[in-house]
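Chain and residue survey
Okay, here's what each chain looks like letter by letter:
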Amino acid sequence: MINLPNDFYLNLIFAFILFFLGLYCLLSMRNLIKLLIGIEVIAKGVTLALISASSVKGLILTGQSLVITFIVVEVCAIAVALALVINLYRHTGSLDVKKLTKLRG
Amino acid sequence: MQELYLISLCALAFFSVLAVLLKDLLKAALSLMAASVFLAVVLFFMKAYYAGVFEISVVAGLITVLFVSTIGLTRGDDFKESKLPVYIFPLFFIWFIIIDILIMYLLLSKMPPLTKWVAEPGKFGNVFWQKRTFDLLAQIGIIFAGVFSVLALFRKRDKND
């Protein structure tokens, strides 16, 4: 199968790449749905890092239970965020974050 | 087998790049789904079968449905992203990959050698239901919080609102 100790660093490289992609999306995009897609990409990087670290330490079952908890939290956060996006769209008619200026003091 | 594993990792990164850079939101959501499927394949290679199944069913399935529904409900918006982030992306990406590989190379020389893969004793059910019981309670709380938040956001408006 896979030579996990050597692949651990490879997995970490890809986890960091996914984290960078998500962060780039969060920093450079203005569309609200695109921002949520960026958060999802970061979550994929975190999942990959968690499972690689747990498998290299011989704690794959604990790592999997942590990942399942993480996925549940992720789904709830995305569901609430998308509901917020729909409500904001109904109020402002746009998905542009720069148009959300009504909360300014 | 090792080649298939590497291809899955590269496909995961590729579809994540597409999800970030594609202008069409529907295509971006579908790319995210493809990235989830490849992440699940990587998890299967690492013998994390339960996490892989969750990744496919919940992240690739449920979250994609949520994204596609939201995109369908907000279709009237003609707002387009600027092209600048797409043009400068390769520059940042190559710069980041070089730094990432350099850091990993430095870490490799300083970290102790890792042992061979050892299976964790016990069954997944025992670990999930007995050792991580508090996580389960927290999950139930989070699910209720999510459901009530969505209900509150979509409630019918009163005349006073």
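Described below are features of the structure shown in this document.

How each quantity is defined
Residues numbered from 1 in each chain as written. Chains lettered and ligands numbered in written order. Predicted model: local features only at pLDDT ≥ 70, side-chain atom pairs only at ≥ 80, totals over all residues. Helix = DSSP H or I, 4+ residues; strand = E, 2+ residues; numbered from the N terminus. Buried ≥ 20, exposed ≤ 12 C-beta atoms within 10 Å, placed from the backbone. Contact = placed C-beta atoms within 7 Å. Nonpolar A, V, L, I, M, F, W, Y, C, P; charged D, E, K, R; others polar. Axes fitted to C-alpha atoms, helices over the stretch in contact; angles between N-to-C directions. Parallel < 35°, antiparallel > 145°, perpendicular 65-115°, else oblique. Left-handed = near helix turned anticlockwise from the far one by under 90°.

1. Here's the deal with the environment of Arg 75 of chain B
All names here are of chain B. Among the secondary structure elements, Arg 75 is positioned in the loop between helix H3 (49–73) and helix H4 (84–110). Here Arg 75 falls in the exposed class, since 11 other C-beta atoms lie within 10 Å of it. On a C-alpha basis, the gap between Arg 75 and Leu 25 in space is 9.7 Å, while along the polypeptide they are 50 residues apart.

2. Regarding unusual backbone geometry
Residues and elements named next belong to chain B. Unlike most non-glycine residues, Lys 47 shows phi in positive territory, near 65 degrees. Structurally, the position occupied by Lys 47 is in the loop between helix H2 (25–45) and H3. For Lys 47, a count of 18 C-beta atoms within 10 Å corresponds to the partly exposed category.

3. Overview of the interface of chain B and chain A
Between chain B and chain A, the contact holds 68 residues from the first and 62 residues from the second. Among the secondary structure elements, those contributing two or more residues to the side of chain B that touches chain A are helix H1 (2–21), H2, H3, H4, helix H5 (124–131) and helix H6 (133–153) of chain B. Classifying every residue of the side of chain B that touches chain A by side-chain character gives 50 nonpolar, nine polar and nine charged.

4. Quick notes on the environment of Leu 66 of chain B
Within the secondary structure layout, Leu 66 of chain B lies in helix H3. For Leu 66 of chain B and Ala 29 of chain B, which are 37 residues apart along the polypeptide, the C-alpha to C-alpha distance reads 9.7 Å. Setting aside anything within four residues of it in sequence, one finds Leu 66 of chain B in contact with Ile 78, Ala 79 and Leu 82 of chain A.

5. Side note on the packing of helix H3 (residues 60–92) of chain A against H5 of chain B
For any two helices packed against each other, the geometry is given by the interaxial angle and the distance between the axes. It is the contact of H3 of chain A with H5 of chain B, at a shortest axis distance of 9 Å, that shows an interaxial angle of 55 degrees. By the angle between their directions, the pair H3 of chain A and H5 of chain B is classed as oblique. When you trace H3 of chain A past H5 of chain B, the crossing you get is right-handed. Every residue of H5 of chain B that contacts H3 of chain A at Leu 61, Thr 62, Gln 64 and Ser 65 of chain A is listed here: Phe 124, Val 127 and Phe 128 of chain B.

By themselves, these figures tell us nothing about what the structure is for.
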